[in-house]
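Chain by chain, the residues run as shown.
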Amino acid sequence: MTRSDPNDRQAIADLIHIYCRSVDRLDVPLGHSIWHEEATADYGASFHQGPGKAVIDKICASHRGLLAHSHQISNILITLDGDRAGSEAYCTATLRMQRGETLMQMSVWTRYVDRWSFRDGRWGLDHRIAIRDFDETRPVTAMSQADMGSRDRSDPSYAALNLNEQDRP
């Protein structure tokens, strides 16, 4: 039987956004939740080619050494074919780091080219290719000191979204 659910596009878009949330909040279990068990990721030979869940581990580990980071998604295109789907999403990642006395900002423009499948009652990633289109690093001057958010489950958004352990995707 061919799958036909009008909510499939939104379910996949939500998973793409959950990915960004997971790496911004350093929430490894949340990041793992978007991948099927045997999924693979290709973020280029210089960063990661291998298991999908392992790229979440690697990204979160590398982000722990940063001061702040924010991943923004746009231009999501999704094609559906029964219980399979393909998508492309543009991601702009902005990352802050201290290098000696200088506050630096890195911006990375990437496209996520994904293959999805619906199995065991849920959509999940089978394979992601992360295509880095361009990037930059430059010194910046902060306008203010961020003091309200956190890069963990104590961030106020978890309470607002009622994201506790039993509610995870």
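Residues numbered from 1 in each chain as written. Predicted model: local features only at pLDDT ≥ 70, side-chain atom pairs only at ≥ 80, totals over all residues. Heavy atoms only, no water.

Enquirer: Is there a simple way to explain the sheet that holds strand E5 (residues 102–119) in this structure?
Expert: Where strands meet in a sheet, backbone hydrogen bonds hold them as pairs that are either parallel or antiparallel. Here we have 6 strands laid out as an open sheet, ordered E2-E1-E6-E5-E4-E3, and mixed in their pairing. A single partner strand is all that each edge strand has here, and the edge strands are strand E2 (49–51) and strand E3 (68–81). Direction aside, neighbouring strands of the sheet carry axes that sit 15° apart on average. Running at roughly 160° to E3, helix H1 (residues 8–24) makes contact with E3, strand E4 (84–99), E5 and strand E6 (122–139) of the sheet. Sheet contacts for helix H3 (residues 52–63): strand E1 (35–42), E2, E3 and E4; angle to E1, the most-contacted strand, approximately 65°. (Pairing = 2+ DSSP bridges. Helix = DSSP H or I, 4+ residues; strand = E, 2+ residues; numbered from the N terminus. Axes fitted to C-alpha atoms, helices over the stretch in contact; angles between N-to-C directions. Contact = heavy atoms within 4.5 Å.)

Enquirer: Which parts of the structure should I look at to understand the packing of aromatic side chains?
Expert: Centre distance and the angle of the planes are the two values used to describe a pair of aromatic rings. Counting across every chain of the model gives 5 aromatic pairs. Where Tyr 19 meets Tyr 112, the ring centres are 5.2 Å apart and the plane angle is 80°; that geometry is what we call edge-to-face. Separated by 93 residues along the polypeptide, Tyr 19 in helix H1 and Tyr 112 in strand E5 bring together distant segments of the chain. No difference in accessibility class separates Tyr 19 from Tyr 112, as the two residues are buried. Centroid distance Tyr 43 to Phe 47: 6.3 Å. Interplanar angle 50°. Geometry classified as tilted. (Phe/Tyr/Trp six-rings, centres within 6.5 Å; stacked < 30°, edge-to-face > 60°. Buried < 20%, exposed > 50% of the residue type's maximum accessible area, 1.4 Å probe, protein only.)

Enquirer: Help me understand H1 in this model?
Expert: Each α-helix turn comprises 3.6 residues. Residues three or four places apart therefore point the same way. The end-to-end C-alpha distance of H1 is 25 Å, a good match for the 24 Å that 17 residues give at a rise of 1.5 Å each. Counting buried positions over the 17 residues of H1 gives 12, a clear majority of the element. Among all positions of H1, only Asp 8, Ile 12, Ala 13, Leu 15, Ile 16, Ile 18, Tyr 19, Cys 20, Arg 21, Ser 22, Val 23 and Asp 24 are buried. Leu 26 sits one or two residues past H1 and shows a positive phi near 55°. (Expected span 1.5 Å × (residues − 1).)

Enquirer: What's the story with the nonpolar core in this structure? I'm lost.
Expert: Residues Tyr 19, Trp 35, Tyr 43, Ile 56 and Trp 116 are the most contacted members of the largest nonpolar core, which totals 31 residues. Here this core takes 8 residues from H1, the largest share from any one element. Within the second largest apolar cluster, 6 residues are counted, among which are Leu 66, Met 97, Met 104 and Val 108. (Core = buried A, V, L, I, M, F, W, Y, C linked by side-chain atoms within 4.5 Å.)

Enquirer: Would you explain unusual backbone geometry in this entry?
Expert: Trans is the prevailing form of peptide bonds, just as negative phi is the prevailing case for residues other than glycine. With phi around 55°, Leu 26 is a residue other than glycine that occupies positive phi space. With respect to the helices and strands, Leu 26 occurs in the loop between H1 and helix H2 (28–32). Despite not being glycine, Asn 75 shows a phi value in the positive range, around 50°. Counting through the fold element by element, Asn 75 comes out in strand E3.

Enquirer: Looking at this structure, how should I read H3?
Expert: For H3, spanning 12 residues, the distance from its first C-alpha to its last is 17 Å, which sits close to the expected 16 Å at 1.5 Å a residue. What H3 keeps buried is the set Gly 52, Val 55, Ile 56, Ile 59, Cys 60 and His 63. Buried residues of H3, viewed axially, fall in a sector of 130°; they line one side. (Arc of directions from axis to C-beta.)

In short, geometric facts, not functional conclusions.
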